[in-house]
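Remarks on the overall topology
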Amino acid sequence: MNIRGLLDRYADSLRAAGRRPLTIRLHLHYLGEIARLGELEDINTEMLEKWLAKPSWSAETRKSARSVARAFFRWCHGVGLIDVDPARTLVPVKVPPGVPRPVSDEMLQDALAKADKRTRLMILFAAKAGLRASEIAALNKADFDGVMLHVKGKGGRVRSIPVVDTRLKLALLNAEPWVFPSFAGHIGAGVVTKAVSAVLPKGWTCHKLRHRFASQAYAGTRDLLSVQKLLGHSSPATTQRYVATPQDALIAAVKAAA
């Protein structure tokens, strides 16, 4: 059985489970690669391990690909398409702890100066509200109650973020109804990523503006739980990878040990 012939059916199962369009596209991307390995019933664990061992892949990419393979073959086994799940014994991928890389004040000001009006607003939603590119793309007037922005993030989880920057408030209140409209309703996450990256230094992305937001929020509060909630993370361990330790905290720690 050809895997490509199953993708529409599998995508429907993901939609039925409430998976977001971006998640579904990610699954279909990796499954398109797995389909090149052979027919469904011929794929074994060794073939999947070889696929996951691509030297060019980062640990994060490898982990994501393994997760997709596990979910897909578990589904195939569950609906009776295969007798044995070849992904069941794939070993977990160890991902090294991430290092926070917050955009500096200088980088931010330079990017804002270079950006056009629309891109400038994207930058501010990332830097001042901690939004992901996909969340920025889908901003809608209905999500804002005048004080709190209610954002549907990964996994369909909704979090509430106080909006204190006047520029962001006005953009939300004046939206019709999308903040960043397009012929299809609203723009895609890729449009945001490309526009913001174009005005940041090479190698710096919209996601690093989330690192900046997290680092500054933590520096001002020393409250990791609040920062976690604002970012929409399910674990404080994830949030820690976004937060650069404030310099004054390091100085105080050294002084205390002196």
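Let me sum up the structure you'll find in this document. (Residues numbered from 1 in each chain as written. Predicted model: local features only at pLDDT ≥ 70, side-chain atom pairs only at ≥ 80, totals over all residues. Heavy atoms only, no water.)

1. Regarding the overall build of the protein
Scanning the protein from N- to C-terminus turns up 13 helices and 4 strands. Across its three principal directions, the C-alpha atoms of the protein cover 55 × 55 × 30 Å. Across the 258 residues of the protein, 41% fall into the buried class. Here the protein displays about 14,400 Å² of accessible surface, and carbon together with sulfur accounts for 55% of that area. (Helix = DSSP H or I, 4+ residues; strand = E, 2+ residues; numbered from the N terminus. Buried < 20%, exposed > 50% of the residue type's maximum accessible area, 1.4 Å probe, protein only. Areas by Shrake-Rupley, 256 points an atom, 1.4 Å probe, with all protein chains shown as cover.)

2. Things to note about helix H10 (residues 206–221)
The terminal C-alpha atoms of H10 lie 23 Å apart, and with 16 residues this matches the ideal 22 Å at 1.5 Å per residue to within 8%. When we look at burial in H10, the residues that qualify are Cys206, Lys208, Leu209, Arg210, His211, Arg212, Phe213, Ala214, Ser215 and Ala217. At the C-terminal side of H10, Arg222 shows a positive phi close to 55 degrees. (Expected span 1.5 Å × (residues − 1).)

3. Digging into the pairing of strand S2 (residues 158–162)
By the alternation rule, side chains of S2 split into Arg159 and Ile161, which are all buried, and Val158, Ser160 and Pro162, of which none is buried. A loop of 5 residues connects strand S1 (residues 148–152) with S2, the two strands running antiparallel in sequence, and Gly155 in this loop sits at a positive phi of about 70 degrees. (Pairing = 2+ DSSP bridges.)

4. Considerations on the nonpolar core
Ile123, Phe125, Leu131, Ile136, Val179, Phe180 and Val192 are the most contacted members of the largest nonpolar core, which totals 48 residues. Among the elements of the structure, helix H5 (105–114), helix H6 (117–129), helix H7 (133–137), S1, helix H8 (166–173), helix H9 (189–199), H10 and helix H11 (224–231) are those that each provide at least two residues to this core. The element contributing the most residues to this core is H6, with 8 residues. Contacts of Ile123, omitting those with residues within four sequence positions, involve Leu108, Ala111, Leu112, Ala115, Val196, Val199 and Leu209. Listed in part, the 28 residues of the second largest apolar core include Ile24, Ile34, Ala35 and Ile43. (Core = buried A, V, L, I, M, F, W, Y, C linked by side-chain atoms within 4.5 Å. Contact = heavy atoms within 4.5 Å.)

5. Quick look at the packing of aromatic side chains
Using the criterion set out here, one finds 7 aromatic pairs in the structure. Ring plane angle 80 degrees and centroid distance 6.3 Å describe the contact between Tyr30 and Trp51, whose orientation is recorded as edge-to-face. In this pair, Tyr30 is assigned in helix H2 (residues 21–35) and Trp51 in helix H3 (residues 45–52), connecting sequence segments 21 residues apart. Take Tyr30 and Trp51: they sit in the same class, and that class is buried. Look at Trp51 and Trp57: their rings are 5.3 Å apart centre to centre, the planes differ by 80 degrees, and that puts the pair in the edge-to-face class. (Phe/Tyr/Trp six-rings, centres within 6.5 Å; stacked < 30°, edge-to-face > 60°.)

6. Notes on the side chain of Asp85
Examined against the element boundaries, Asp85 turns out to sit in the loop between helix H4 (59–78) and H5. Buried Asp85, no salt bridge; nearest opposite-charge side chain is Arg88, N-O distance 5.7 Å. From its side chain, Asp85 meets the backbone nitrogen of Ala87 in a polar contact 2.9 Å long. Within polar-contact distance, the side chain of Asp85 engages the backbone nitrogen of Arg88 at 3.4 Å. (Lys, Arg positive; Asp, Glu negative; His and termini not counted. Salt bridge = Lys/Arg side-chain N within 4 Å of Asp/Glu carboxyl O. Polar contact = N/O pair within 3.5 Å; in protein donor to acceptor, adjacent residues only side chain to side chain.)

7. Quick look at the pairing of S1
Burial along S1 is one-sided: the residues Leu149 and Val151 are buried and none of Met148, His150 and Lys152 is. Inspection of the sheet shows S1 paired to S2 by 5 bridges, in the antiparallel sense. Its bridge partner lying in S2, Leu149 is registered against Ile161.

8. A look at H11
Of the positions making up H11, those classed as buried are Val227, Gln228, Leu230 and Leu231. Summarising the axial view, the buried residues of H11 lie within an arc of 165 degrees, below the 170-degree limit, and thus occupy one face. Those residues of H11 that are buried are in contact with S2, H10 and helix H12 (236–240). Between the side-chain oxygen of the N-cap and the backbone nitrogen of Leu225 there are 3.2 Å, and the N-cap of H11 in question is Asp223. (Arc of directions from axis to C-beta.)

9. Brief notes about the pattern of salt bridges
For the coordinates displayed, the defined rule picks out 8 salt bridges. Here Lys114 ties to Asp110 by a salt bridge, and the two come within 3.2 Å at their closest N and O atoms. With a gap of 4 residues between them, Lys114 and Asp110 both fall in helix H5, about one helical turn apart. A residue is classified by how much of its surface remains accessible, and Lys114, at 52% relative accessible area, is exposed. Taking relative accessible area as the criterion, Asp110 reaches 36% and is therefore assigned partly exposed. For Glu135, the salt bridge identified is with Arg132, shortest N-O distance 2.6 Å. Here Arg132 falls in the buried class, since its relative accessible area comes to 9%.

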